[in-house]
Amino acid sequence: MQSFFRASVRRSALPSSRIARAPLRASYRRFSTEPNASDAAPKAAKSNIALFAGLGAITVGGIAFYLYSSDTLATTAKSGAQAAKVAVNFVPTKADYQKVYNRIAESLDADDYDDGSYGPVVVRLAWHSSGTYDKASNTGGSNYATMRFAPEALHGANNGLNVAREHMEKIKKEFSWISYGDLWTLGGVAALQEMGGPKINWRPGRIDGEAKDVTPDGRLPDASQGAPHLRDIFGRMGFNDQEIVALSGAHALGRCHVDRSGFDGPWTFSPITLTNDYFRLLVDEKWIWRKWNGPKQYTDKTTGTLMMLPTDYVLTQDKSFKKWVKAYAADEELFFKDFAKAVSTLFELGVPLSQFVTSEPWQMQTLDEQKA
Ligand code: HEM
């Protein structure tokens, strides 16, 4: 059984043999839909046997799959590294991804960085690597992790994300089998969950792309613009008004850096804990233009220490956006629910469904949950 499995996998690494890729995916899918994270590891050996046994049968389905899957060739060619890893018989389980999650979670705190955590900038990396998606051309998104390449790494919107990429590179060294797209989005999930946010459905399957897959500049939002721009940019990704507002709630976290975006300061008083304070402050505070030499931004009248970008403030000026700002200010649970759903969708933009190792949503456990 095992040698058959090896042989199929080895074939899948060859560009001329595309059909083996589909059974591999299908078998990953079965294998990885273990119901419970905590018992995924002990079951792994058993599941492998079932998986190997099932491969022959699935091959037929695999051929059919290939016939309608136009992305398969590219997928096969690009996944050489991952396939090579599988060829030496390593099939990551949910428990393996939980280990990566744990290492990311343990790496976030840093007394000498910003507000004491790399969490916010790691979230921003996951978002900027996903938010390039264009539904019309089905390009961009988190699949290929193209921000590793110039010119995307040098796009103005990505200023400062080298910090997050270098941070994640340390994790990648330890878990070389994980794709960058999976690593960065799992980083976003780990950071959000560890900073007190909701559980976010996440599943692996992204593959590493190439420099030719980089997206054109201008796909990420420009903070100096208004409501039509937000609808253009997020509408292109497939998001509606409610989702734009929910996603913007991530600005409860982190801060603007003059040397990265030109803007300055945090949005809330607790920039390393996810809360609905961003919305509460938008509703409760009086926001005035900051008098300074930098780009136009708002500051809170009461303390003069917080900030809002023009794209944040506009959420209170547009009737349809404002409805959601008020709803999330009044109800953190509602914000968490809608935010978790929108973020999960965001982090999967551009990833063909066939690539995911499972059709089930996964939830990774927080460090605290594992201690309990
Ligand atoms: C609505 C349109 C958005 C605009 C115009 C925008 C713009 C910005 C800007 C200018 C910064 C400051 C970067 C710096 O100077 O370091 C920033 C930071 C950040 N953004 Fe956004 N953003 C938007 C949406 C989002 C979304 C959808 C998310 C996540 C779901 C997000 C998460 C973050 C986080 C966590 C930071 C803090 C990074 C840090 O502390 O290093 N943003 N954003």
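Identification of the protein as Peroxidase from Dentipellis fragilis is taken from an unreviewed UniProt entry. Here the protein is described in UniProt, under the heading Catalytic activity (unreviewed entry), as follows: "2 Fe(II)-[cytochrome c] + H2O2 + 2 H(+) = 2 Fe(III)-[cytochrome c] + 2 H2O". According to its UniProt record, the protein has this under Sequence similarities (unreviewed entry): "Belongs to the peroxidase family. Cytochrome c peroxidase subfamily."

Caption draft 1: Examining the overall build of the protein more closely. Across its full length, the protein carries 16 helices and five strands. The buried share of the protein, reckoned over its 372 residues, is 45%. For the protein, contacts bridging at least 24 residues in sequence account for 76% of all contacts bridging at least 6.

Caption draft 2: Up close: the site of the ligand. What surrounds the ligand is a group of 24 residues, the closest being P120, A250, G254, R260 and S261. Elements that contribute at least two residues to the shell around the ligand include exactly α7 (119-130), α11 (241-248) and β1 (255-256). Among the elements that make up the shell around the ligand, the one with the highest residue count is α7 (five residues). Class assignment for the residues of the shell around the ligand results in 14 nonpolar, seven polar and three charged. Taken domain by domain, the shell around the ligand gets at least three of its residues from each of domain 2 (95-220 + 345-371) and domain 3 (227-331).

Caption draft 3: View of the packing of helix α6 (residues 94-107) against helix α8 (residues 161-174). Packing of α6 against α8 leaves a shortest axis separation of 10 Å and a crossing angle of 145 degrees. Remark: the crossing between α6 and α8 carries right-handed chirality. The residues of α8 that touch α6, namely those facing V100, R103, I104 and S107, are H167, K170, I171 and E174. Here the residues of the contact of α6 with α8 are counted per class, giving three nonpolar, two polar and three charged.

Caption draft 4: A look at the sheet that holds strand β5 (residues 307-308). Spatial strand order, β3-β4-β5: three strands in an open sheet with antiparallel pairing. What marks the edges here is a single partner per strand, and that holds for β3 (287-289) and β5. In this sheet, strand β4 (residues 298-300) lies alongside β3 in antiparallel orientation, the contact comprising three bridges. Paired with I288 across the bridge in β4 is T299.

Caption draft 5: Quick peek at α7. Under the 1.5 Å per step criterion, the end-to-end length of α7 is 17 Å for twelve residues, consistent within 8% with the ideal 16 Å. The buried fraction of α7 is high, at twelve of twelve residues. Here α7 has its buried residues at G119, P120, V121, V122, V123, R124, L125, A126, W127, H128, S129 and S130. Those residues of α7 that are buried lie in contact with α8, α9 (180-194) and α15 (332-347).

Caption draft 6: Looking closely at helix α12 (residues 277-284). Considered for burial, the residues of α12 that qualify are D277, Y278, F279, L281 and L282. In this structure, the buried side of α12 is in contact with β4, β5, α13 (310-313), α14 (319-330) and α15.

Caption draft 7: View of the environment of G205. Tracing the backbone shows G205 in the loop between α9 and α10 (227-237). Of the residues examined, G205 has 22 C-beta atoms within 10 Å and is grouped as buried. Spatially, the C-alpha atom of G205 lies 9.5 Å from that of E348, the residues being 143 residues apart in sequence. Among all residues touching G205, those that are not within four sequence positions of it are V351, Q355, F356 and V357.

Caption draft 8: Representation of the packing of α8 against α9 in the model. Orientation of α8 relative to α9, taken along the N-to-C sense of each, is 115 degrees, at an axis distance of 11 Å. Considering only the axes of α8 and α9, their crossing is right-handed. Mapping the contact onto sequence places M168, I171 and K172 in α8 and L183, W184 and G187 in α9. Of the residues in the contact of α8 with α9, the class split is four nonpolar, one polar and one charged.

Calculation notes
- Residues numbered from 1 in each chain as written.
- Predicted model: local features only at pLDDT ≥ 70, side-chain atom pairs only at ≥ 80, totals over all residues.
- UniProt positions renumbered as here; feature names shortened; annotations may be inferred.
- Helix = DSSP H or I, 4+ residues; strand = E, 2+ residues; numbered from the N terminus.
- Buried ≥ 20, exposed ≤ 12 C-beta atoms within 10 Å, placed from the backbone.
- Contact = placed C-beta atoms within 7 Å.
- Near = placed C-beta within 6 Å.
- Nonpolar A, V, L, I, M, F, W, Y, C, P; charged D, E, K, R; others polar.
- Domains from an automatic or database assignment.
- Axes fitted to C-alpha atoms, helices over the stretch in contact; angles between N-to-C directions.
- Left-handed = near helix turned anticlockwise from the far one by under 90°.
- Pairing = 2+ DSSP bridges.
- Expected span 1.5 Å × (residues − 1).

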